[in-house]
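Residue strings, one per chain:
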Amino acid sequence: MAAFSRRSLFVPILIVAAIAALTLWSAFGGSAPKTVQQTDARTVRFNMAWLPQGSMAGIFVAIDKGYFAEAGLNVEAVRGFGGIRTANELDQGMFEFAYIDPLSVALNRSKGGAAKMIGGINMRLPAGACFVKERHQIAKPADLAGLRFGAGQSSAIQALLPAWLKGNGVDPARVEQIQLDPAIVVSSLVEGRIDAAECWLGNSMALFDKAAKAKGVTIGRIAYADFGLDVYGSGFATRDALIEKDPELVRAFLKAAYRGYAEAARDPKGALAILRKHHPLLDEAVTERQIRETATLMAAEGGSHRLNPEKVARTVTYLQASGQLQGFDATAALFTNAFVPMGKP
């Protein structure tokens, strides 16, 4: 597979700010936020797929500023344990909404589940391979050959790695994939127990850099998306039954949530203060970087949060090339753009 052209994930801050303003205007008819007291708010649960971090700032901004309350919702943000488990728990009705990716949704639906994407957050795949520059020089996928590559055991993206390697002319057998407890991936790389590690913008990238600095080493990174893996990262999801039963709930949640993310992109430091008010133990520098990286990822397709059918389909294609989802023909059921409160397809 031909490698995609390299391009920076970091866009000028004015573009991010403009997109934030556009999101606020488009989603809410240009009207200013109003405080509404709710005495009969409906409680819904949102699974964050992992621990609280900067990528979740939009949710906490929407909670703190009353955006959900104005929609008649009391949203409880709950920690998760990785995309695949989160998709299955969402499907089982343990949560109304969740932060997951099309890959996890596809795996869920291939086993009879009914999870569904309802809008994007990471419009460019945030994942990549990190390494310690003082030990290795990795500029392309072929440089991973012969190395120990570690990733969290809950990472759904690892199911795509063999096909991604093959597409870049690398025999997957030459890369030793090691599944680790997500909590030790960063330390395993920095301390030299593995040679490369899966790392994510808006998530673990800031943690890798912080740990490396303390160790006196530096982190390098190649992005999967720069070498052909042009698929979506995580976004908002629910399940078919809730869409059918209460579409207005889905619409109200999504509208308020995107409003929160737009505000977080406009004022990252303000979002940081809100997030740390709810979770005071979060590292200030790490969390602010996660917030800013998430804003950049959300801006990757011109500020649209609608999911492109062809890009979603590529997730299934990669899974099938990796030996999974054989015979799966329900790609169209993986997502809907019906509730995204802005733009056109």
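Residues numbered from 1 in each chain as written. Predicted model: local features only at pLDDT ≥ 70, side-chain atom pairs only at ≥ 80, totals over all residues. Heavy atoms only, no water.

1. Things to note about the sheet that holds strand E1 (residues 42-47)
Part 1: Pairing is mixed in the open sheet, where 5 strands are placed in the order E2-E1-E3-E10-E4. The open sheet has two edge strands, strand E2 (73-78) and strand E4 (115-120), and neither has a second partner. Taking each pair of neighbouring strands and ignoring which way they run, the sheet shows an average axis angle of 30 degrees.
Part 2: Pairing geometry for E4 and strand E10 (residues 235-239), over 5 bridges, is antiparallel. Bridging from a neighbouring strand, Ala115 pairs with Arg239 of E10.
Part 3: Sitting on the sheet, helix H5 (residues 102-110) is in contact with strand E3 (97-100) and E4, with an inclination near 165 degrees to E4. (Pairing = 2+ DSSP bridges. Helix = DSSP H or I, 4+ residues; strand = E, 2+ residues; numbered from the N terminus. Axes fitted to C-alpha atoms, helices over the stretch in contact; angles between N-to-C directions. Contact = heavy atoms within 4.5 Å.)

2. Examining the state of the cysteines
Part 1: Under the criterion given, the structure shown has 1 disulfide.
Part 2: Paired by a disulfide, Cys130 and Cys199 hold their sulfur atoms 2.1 Å apart. As the torsion about the S-S bond is roughly 90 degrees, the Cys130-Cys199 disulfide counts as right-handed. Of this pair, Cys130 sits in strand E5 (residues 127-132) while Cys199 is found in strand E8 (residues 196-200), placing the two residues 69 residues apart along the sequence. Residue Cys130 shares its accessibility class with Cys199, and that shared class is buried. (Disulfide = S-S within 2.5 Å. Buried < 20%, exposed > 50% of the residue type's maximum accessible area, 1.4 Å probe, protein only.)

3. Let's talk about the confidence of the model for the chain
Part 1: On average, residues of the chain score 88 in pLDDT, and 88% of them are at 70 or above.
Part 2: pLDDT under 50 marks residues 1-37. Its contacts with residues more than four places away, or in other chains, come to 62 contacts. (pLDDT = per-residue confidence, 0-100.)

4. A look at the pattern of salt bridges
Part 1: Taken as a whole and judged by the stated rule, the model has 22 salt bridges.
Part 2: For Arg193, the salt bridge goes to Glu191, with nearest N and O atoms at 2.3 Å.
Part 3: A relative accessible area of 42% places Arg193 in the partly exposed class.
Part 4: The class of Glu191 is partly exposed, set by a relative accessible area of 45%.
Part 5: Across the pair Lys269 and Glu288 runs a salt bridge, and its minimum N-O distance is 3.1 Å. You can see Lys269 sitting in helix H11 (residues 268-278) and its partner Glu288 sitting in helix H12 (residues 284-298), a full 19 residues away along the chain. (Salt bridge = Lys/Arg side-chain N within 4 Å of Asp/Glu carboxyl O.)

5. So, the packing of helix H2 (residues 57-64) against helix H10 (residues 247-266)
Part 1: For the pair H2 and H10, the least separation of the axes is 7 Å and the interaxial angle reads 105 degrees. Taken as axis vectors, H2 and H10 run roughly perpendicular relative to one another. For the pair H2 and H10, the contacting residues are Ala57, Gly58, Ile59, Val61 and Ala62 in the first and Phe253, Ala256, Ala257, Gly260, Tyr261, Glu263 and Ala264 in the second.
Part 2: Of the residues in the contact of H2 with H10, the class split is 9 nonpolar, 2 polar and 1 charged. (Parallel < 35°, antiparallel > 145°, perpendicular 65-115°, else oblique. Nonpolar A, V, L, I, M, F, W, Y, C, P; charged D, E, K, R; others polar.)

6. Describing unusual backbone geometry
Part 1: For Ala49, which is not glycine, the phi dihedral falls at a positive 70 degrees.
Part 2: Summarising the element assignment, Ala49 is placed in the loop between E1 and H2.
Part 3: In this model, Leu325 sits at a positive phi of 55 degrees, which is unusual for a non-glycine residue.
Part 4: Inspection of the secondary structure puts Leu325 in the segment after helix H13 (309-321).

7. A word on the nonpolar core
Part 1: Within the largest apolar cluster, 48 residues are counted, with the highest numbers of intra-cluster contacts made by Leu144, Phe149, Trp164, Tyr224, Leu229, Leu319 and Leu334.
Part 2: Listed by contribution, the elements that provide at least two residues to this core are helix H4 (83-91), E3, H5, E4, E5, helix H6 (161-167) and H13.
Part 3: Sequence-distant contacts of Leu319, defined by excluding residues within four places in its chain, comprise Leu103, Ala106, Leu107, Ala159, Leu160, Gln324 and Leu325.
Part 4: Counting residues in hydrophobic clusters, the runner-up holds 40 residues, among them Met48, Leu249, Val250 and Ala264. (Core = buried A, V, L, I, M, F, W, Y, C linked by side-chain atoms within 4.5 Å.)

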